[in-house]
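If you want the building blocks of each chain, they are given just below.
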Amino acid sequence: MPFANFKVPAGSLTPKQKEQIVHRTTDLYADIYGDHVRPNTMVLVEEVADGGWGIAGDVLILPKSEPESGEAARDQ
């Protein structure tokens, strides 16, 4: 059974983007191994909490998005 495990920063993908990863990865495995593997292909998209991953010893944290103009005005 082909298996792919994608680990992504939490909140970085929409449900639609996760669905695209599943469909495209399944298609890729079917292209490589043949369509007979499609029913048994498993794709897992795991969200990793901010600060729960790193590269070269550095812990990575996603930058916070800018508040919308209405939010900024309320906060002042």
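Overview of the structure.

The rules behind each value
Residues numbered from 1 in each chain as written. Predicted model: local features only at pLDDT ≥ 70, side-chain atom pairs only at ≥ 80, totals over all residues. Heavy atoms only, no water. Salt bridge = Lys/Arg side-chain N within 4 Å of Asp/Glu carboxyl O. Helix = DSSP H or I, 4+ residues; strand = E, 2+ residues; numbered from the N terminus. Buried < 20%, exposed > 50% of the residue type's maximum accessible area, 1.4 Å probe, protein only. Contact = heavy atoms within 4.5 Å. Phe/Tyr/Trp six-rings, centres within 6.5 Å; stacked < 30°, edge-to-face > 60°.

So, on to the pattern of salt bridges. One pass over the full model with this rule turns up four salt bridges. Across the pair E46 and K7 runs a salt bridge, and its minimum N-O distance is 2.7 Å. Pair noted here: E46 is in strand β2 (residues 42-48) and K7 is in strand β1 (residues 3-9), with a separation of 39 residues, a long-range link. Residue classification places E46 among the partly exposed positions, given a relative accessible area of 27%. Classification of K7 as exposed rests on a relative accessible area of 56%. Two residues, E47 and K18, come together in a salt bridge whose shortest N-O distance is 2.5 Å. In this pair, E47 sits in strand β2 while K18 sits in helix α1 (residues 15-33), placing the two residues 29 residues apart along the sequence. Take E47: its relative accessible area is 39%, and that puts it in the partly exposed class.

Mapped onto the fold, L60 is located in the loop between β4 (58-59) and α2 (69-75). The class of L60 is partly exposed, set by a relative accessible area of 24%. Along the backbone, L60 and D50 are ten residues apart, and their C-alpha atoms lie at a distance of 7.2 Å. In this structure, L60 is in contact with D50, G51, W53, G54 and I55, ignoring residues within four places of it in sequence.

This part takes up the packing of aromatic side chains. Evaluated as defined, the whole model comprises one aromatic pair. Taken together, a centroid distance of 6.0 Å and an interplanar angle of 25 degrees make the contact between Y29 and Y33 stacked. Placement of both Y29 and Y33 in helix α1 is noted, with a separation of four residues, approximately one turn of the helix. Overall, Y33 belongs to the partly exposed group, its relative accessible area being 49%.

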